[in-house]
Amino acid sequence: MPAVSKGDGMRGLAVFISDIRNCKSKEAEVKRINKELANIRSKFKGDKALDGYSKKKYVCKLLFIFLLGHDIDFGHMEAVNLLSSNKYTEKQIGYLFISVLVNSNSDLIRLINNGLKNDLNSRNPTFMNLALHCIANVGSREMAEAFASQIPSILVAGDTMDSVKQSAALCLLRLNRTCPDLVPMGEWTARVVHLLNDQHLGVVTSATSLITTLAQKSPEDFKTSIALAVARLSRIVTSASIDLQDYTYYFVAAPWLSVKLLRLLQCYTPPEDAALRSRLTECLETILNKAQEPPKSKKVQHSNAKNAVLFEAIALIIHYDSEPTLLVRACNQLGQFLQHRETNLRYLALESMCTLASSEFSHEAVKTHIDTVINALKTERDVSVRQRAVDLLYAMCDRSNSKQIVAEMLSYLENADYSIREEIVLKVAILAEKYAVDYTWYVDTILNLIRMAGDYVSEEVWYRVIQIVINRDDVQGYAAKTVFEALQAPACHENLVKVGGYILGEFGNLIAGDSRSSPLVQFDLLHSKFHLCSVPTRALLLSAYIKFINLFPEVKATIQEVLRSDSQLRNADVELQQRAIEYLRLSCIASTDILATVLEEMPPFPERESSILAKLKRKKGPGNVPDIDDARWNVNGNGNAEQSENAEGTNKGSAHPFTDLLNLNSSPSAGASLLVDVLSDSSTPASADVSEENFSRFVCKNNGVIFENQLLQIGLKSEYRQNLGRMYVFFGNKTSTQFLSFSSSVTSSDTLKTQLNVHTKPVDPTVEGGAQLQQILNIECLSDFTDAPVLDIQFRYGGALQNIAVKLPVMLNKFFQPTEMASQDFFQRWKQLGVPQQEVQTIFKAKHPMDTDVTNAKILGFGVALLDGVDPSPANFVGAGVIHTKNTQVGCLLRLEPNTQALMYRLTLRTSRESVSQRLCDLLSDQF
C-alpha cells in the first residue's frame, strides 16, 4: 500500500491527542472533548465546504473520541463522503470510521454499499483491498446480500492481483461464518479449490483457510481439494528453506500454510487412491524425521514453528488411525516431549497421547510411558499439565495396569488441586468398576475415595457402589465388614455414613455372628453418627433402623425407643417426622411375616448404564473424555441392552424404603442413561432427509436413541395408555457451542392429521454446549393409521442453519392394551374372526437368531398379552390385545409359529378390521 507522505500528517489531531493526555482529571478531559465536539459540529454545519483533508482530520478526531469511550452521534455522513475520495489516506480513514462506528442497522448502509461497489469495480487493487477489509470487518447480513455473489468472482478472476485475492478469500471466509446461507459457492467450487495450485503462497494460505471451513460443512463438494492439498504439502515439506525464502520462518518452510493444509486433510478420511495415500504418508514421515534433526537455530521462534507443524501432522495421523507405523512413531516422538523443559510442549504431548491411547495400534506404545506420566503427576508444577497427566493415565488404563494407575491416582488425590479433585474421584470410580476382577478391591477403593475426598464424591459414585454390592452376592459380606470397620473411625464423612447405613441395613446380618459386630453394636455405631448428619442422611438411617427390626428382632425395643423419642416424632422436618411415625406403627402392628415381606432384602437392580461416566462427560465437555475399552457397561458387566430395558420395566413397580435413593424411578429429565447416550462420541453425518434408520427398532420398545449425528443426539422415552400417549424427547447438544434459534415441531400428512393428534410443548430456543433439552409430546389416536409423524428440528450452529427431520416411532401397536384369555375363549374368538378379510398371514425367513426368550420379550414389547398353554404346540407363541382409538376398539389375536430347522416363521393375525391386521403384520414380521 502507498506510504503516507509528510503532507498527510494531521497537526490538529496530534495537538488534540496531546491535550487529552495532559488533562489532570476526568472532568478536564470531558471538558476538552466537549469543546472539540462543538468545534467539529460547527465545522460540519458551516456554510463553507470542507476539503478532503479537513474532513479526514475531523473524522479522525471523532474516531479517537469514540475509542476513549464517548458516544458519537454525528459525522457519519462525512465519513461516507470520504469513500468517494481518490486519495488513499482519506478513503482509508472513511473505511476505518465505518468499520468501527457504523452498525448493520444504520440508514447509511445503502450509501456505504454504493461506495463499496464503486471501489470493487474500480480494479484499483489498493481501493479493492480497502473495500474488502471493510466488508469483512462489518460482516453484516446486508453487506453479505449485496456482495456475496461478487466477491467469489473477484477471487477466481485471472486478472485479479494476488493481494486482492488474499483479501477476497478472507472476506468470503468472514461472510461464510456470519451468513453461511448467503454465500453461493456451487458454481465457484472447482475454481476456488484450484487456488491451492496458485504460485503465490499468500493466496494459497488464505484459500486454504476458506476451503477448510467450507469443507467442514460440505465435504463432498470439496473432496477434490485432497489431492491438491497433498501435492502442495509435499512440495513444501521436501523443499529447502531457501526455495520458499519469502515464506520461510526461522528456517521452517511455510509453517502456517503447512498447518492449514494438514488441518484441511483432517476434514476427510484417508485418501482411497494408493499413490496419493503413499505420497501423504511420505510427507508425514518426512515431518517426523525433521523433528529428530538437530535445530537449525536456537531461537524459540524456530522450535515453535517446527513443533506447530509436527503436532498438526500428529493430529492428522491420529485422525486417520490407519497407519500403525506412523502411530507408534508419533507416540515415541510425543514421549520425548514428556520430559521437555518447555511446559507448553509437555502439555501438548500429554493431550495428544490421550487421543493416541484410544487407538488399538498405539495403545501399547502409550503404555510404555506410564512411569514418565506418573512422575509428571507427582513433580509437575503446572496444574493444567497435571490434569492432562491424569487424563492420560485414565486413557491408557486397562486390565494389566488398572491397580497401579488407580493406586497412583488415589495417592495423588490427597495433594491434588481442589479444582480437579472431583474429576479424579469420578475417574477412579469408573476405572475401579470397569477393571475390577476382584470386587473386594472395588469396595476398598471406593471407601478410600470417600475417606480421602468425601466432599468431592458425588451421589452417582456412592449410588453405584450400592448397586454393585446388591447385585453381587460374593461381595456383600465383605462390604458389610469393611464399611462397619470404616464407620468406627472417630470422624467419618457423611457419604460414608450413607453407604454404611444402606449396606448394614441390607447385609448387617452377614457379620452379626461376630460379637464385635453384633446387631446392637451395629445399631449403636450407626446411631452415634445420626446427630451429625443432614436431613437426607438421617432419613436413610431411619430406613436402616426399620430394616434392622426385620433382620434382628432382639434390637426391636431399642429401635422403637429411638423412633418414639420426641426428637423424632416431633421433628421440625416433615420427612423425618413422617418416617419415624410410619416406621414405629409398622413395627408395632405388623406381624413378623408381614414385616419380613415389606422389608425384604432389595432385589438386584436392573442392569443399567453407569451414570458416573455421564457426570464425567458433563464436567469435561463432549469429546474431551478419552474412551476406555467400552464406554458403556452395566452393573453386572454385560451389555444386553434389551434385557436391561425389560428388567427396568419389570422392576419399576417394586416398592422399597431405599428404592428412591438410587433414583431408579426418576423423571426422564434426570435420566442418566439417556444422558450417557446423548454425550457419547459419534461421527455420523447430518442429513436433511427424513431419518428412518432407527424407526423399526422402536416397534417393540419405547425408550432409546432415535437419531444421532456429530452435533445432536435425540433420545425418546414414551408411555401409552389406551388411546393416549406421552413422549419425552431429549435433545442433547454434543458440541461445546450453543445451538441458537432452536425449534422443534411435528408435521403429519393430511390423512394422518385425521387419524392422529400430536400436541407439542414449546422448547427453549437456546441449547447450551453439552446440555440437554426436553420436549413433551402428547399423542391421541383417533382411528387406525399406517403413516407416522415427522419431527422437524431447526437450529443454528456456528452461524450455519441445520435442518434435521426424524420419523417418530408412533405406530398403531403402541395403543395396544394386553388382554388375558383362557384357551377356550381364545379359540372361540379365533373362529369368530374367520372371515378371509380379517386374517393376514405371512411366512418369512428369520433375520435374527431364533431365541425363545427374545421372541417372548418382543411379543410382550409389541403390546399384546402372551398366552401360555393355549396353543397345542408349546413352541408356538399366542397373544391377544385390544387396539384403543378414540372412535372404536379393535380386538387382535396373533399366532407366531417358528420352524427352527428351516429358520422360518409363520405369522397369523386376526382382527375385526383388515387394515389393522395388515399394518400389525407388517410391523411385527420385521422384528424377527
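Residues numbered from 1 in each chain as written. Predicted model: local features only at pLDDT ≥ 70, side-chain atom pairs only at ≥ 80, totals over all residues. Heavy atoms only, no water.

A. Representation of the overall build of the protein chain within the structure. Scanning the protein chain from N- to C-terminus turns up 40 helices and 17 strands. Burial status across the protein chain gives 53% buried among its 928 residues. Long-range pairs, those at least 24 residues apart, make up 70% of the contacts in the protein chain with a sequence separation of at least 6. When the accessible surface of the protein chain is split by element, carbon and sulfur atoms take 48% of a total near 42500 Å². (Helix = DSSP H or I, 4+ residues; strand = E, 2+ residues; numbered from the N terminus. Buried < 20%, exposed > 50% of the residue type's maximum accessible area, 1.4 Å probe, protein only. Contact = heavy atoms within 4.5 Å. Areas by Shrake-Rupley, 256 points an atom, 1.4 Å probe, with all protein chains shown as cover.)

B. Local environment of the packing of helix H13 (residues 225-238) against helix H15 (residues 274-292). Contact geometry for H13 and H15: axes closest at 10 Å, N-to-C directions at 35 degrees. As H13 runs across H15, the sense of the crossing is left-handed. Seen from H13, the contacting residues are Ile 226, Ala 227, Val 230, Ala 231, Leu 233, Ser 234 and Val 237; seen from H15, they are Leu 276, Arg 279, Leu 280, Cys 283, Thr 286, Ile 287 and Lys 290. Residues that form the contact of H13 with H15 fall into these classes: 10 nonpolar, two polar and two charged. (Axes fitted to C-alpha atoms, helices over the stretch in contact; angles between N-to-C directions. Left-handed = near helix turned anticlockwise from the far one by under 90°. Nonpolar A, V, L, I, M, F, W, Y, C, P; charged D, E, K, R; others polar.)

C. Broad picture of the side chain of Asn 709. Note on placement: Asn 709 falls in the loop between strand E4 (703-708) and strand E5 (712-721). A polar contact is formed between the side chain of Asn 709 and the backbone nitrogen of Leu 711, at a distance of 2.9 Å. (Polar contact = N/O pair within 3.5 Å; in protein donor to acceptor, adjacent residues only side chain to side chain.)

D. Region of the structure containing the sheet that holds strand E9 (residues 772-781). Strand order in this open sheet of five strands is E4-E5-E6-E9-E8, and the pairing throughout is antiparallel. Since the sheet does not close on itself, it has two edges, and those belong to E4 and strand E8 (756-760), each with one partner. Taking the axes of each pair of neighbouring strands and ignoring which way they run, one obtains an average angle of 25 degrees across the sheet. Across five bridges, E4 lies against E5 in antiparallel orientation. The residue bridging Phe 707 from the neighbouring strand is Ile 714, located in E5. (Pairing = 2+ DSSP bridges.)

E. View of the packing of helix H27 (residues 494-507) against helix H29 (residues 535-551). Contact geometry of H27 with H29 gives a least axis separation of 8 Å together with a crossing angle of 20 degrees. Viewed along their axes, H27 and H29 adopt a mutual orientation that is roughly parallel. Here H27 and H29 pass one another in a crossing that is left-handed. Seen from H27, the contacting residues are Glu 494, Val 497, Lys 498, Gly 501, Tyr 502, Leu 504, Gly 505 and Glu 506; seen from H29, they are Thr 537, Leu 540, Leu 541, Ala 544, Lys 547, Phe 548 and Leu 551. Grouping the amino acids of the contact of H27 with H29 by side-chain chemistry returns eight nonpolar, three polar and four charged. (Parallel < 35°, antiparallel > 145°, perpendicular 65-115°, else oblique.)

F. Representation of the sheet that holds strand E10 (residues 790-797) within the structure. The four strands are arranged E3-E11-E10-E7 in an open sheet whose pairing can be described as mixed. Of all strands in the sheet, those bounded by a partner on one side alone are strand E3 (690-691) and strand E7 (740-747). Strand direction decides the pairing type here: E3 and strand E11 (residues 800-807), joined by two bridges, are parallel. Each bridged residue has a counterpart across the sheet, and for Val 690 the counterpart in E11 is Ala 805.

G. Up close: the environment of Tyr 435. Checked against the element boundaries, Tyr 435 lands in the loop between helix H23 (418-434) and helix H24 (439-453). Look at Tyr 435 and you get buried, because its relative accessible area is 3%. Taking the C-alpha atoms as reference points, Tyr 435 and Asp 398, 37 residues apart in sequence, are found 7.0 Å from one another. A distance of 3.2 Å separates the side chain of Tyr 435 from the backbone oxygen of Cys 397, its partner in a polar contact.

H. Structural view of the pairing of E10. Relative to E10, E7 is paired through six bridges, and the arrangement is antiparallel. The residue bridging Val 746 from the neighbouring strand is Leu 791, located in E10. With eight bridges joining them, E10 and E11 adopt antiparallel strand pairing. Its bridge partner lying in E11, Asp 792 is registered against Ala 805. Hairpin connection, E10 to E11: the antiparallel pair is bridged by two residues, and Gly 798 has positive phi, about 60 degrees.

I. Here's a closer look at the environment of Gln 824. Mapped onto the elements, Gln 824 comes out in helix H38 (residues 823-832). Looking at Gln 824, the relative accessible area reads 66%, which means it is exposed. Between the C-alpha atom of Gln 824 and that of Val 870, which follows or precedes it by 46 residues, the distance is 8.3 Å.

J. Helix H6 (residues 109-121), seen in detail. Compared with an ideal rise of 1.5 Å per residue, which puts 13 residues at 18 Å, H6 spans 18 Å between its outermost C-alpha atoms and is within 8% of the ideal. Looking only at H6, the buried set comprises Ile 109, Ile 112, Asn 113, Gly 115, Leu 116, Asp 119 and Leu 120. Seen along its axis, H6 keeps its buried residues to an arc of 160 degrees; they face one direction. Away from its buried face, by an angle of more than 90 degrees, H6 presents the exposed residues Arg 110 and Asn 118. (Expected span 1.5 Å × (residues − 1). Arc of directions from axis to C-beta.)

K. Geometry of the confidence of the model for the protein chain. Of the residues in the protein chain, 89% reach a pLDDT of 70 or more, and the chain-wide mean stands at 82. Mean pLDDT values for the elements of the protein chain range from 30 in helix H36 (residues 672-678) up to 92 in helix H14 (residues 255-265). Segment residues 1-7 is flagged for pLDDT under 50; beyond a separation of four residues in sequence, or across chains, it makes six contacts in the model. Per-residue pLDDT stays below 50 along residues 627-687; that stretch engages in 149 contacts with residues further than four places along the chain or on separate chains. (pLDDT = per-residue confidence, 0-100.)

L. Fine view of H14. Summarising burial for H14: eight of the 11 residues are buried, a large majority. Taken together, the buried positions of H14 are Pro 255, Leu 257, Ser 258, Val 259, Leu 261, Leu 262, Leu 264 and Leu 265. Here the buried face of H14 lies against helix H12 (201-217), H13, strand E1 (248-249), strand E2 (252-253), H15 and helix H16 (300-320).

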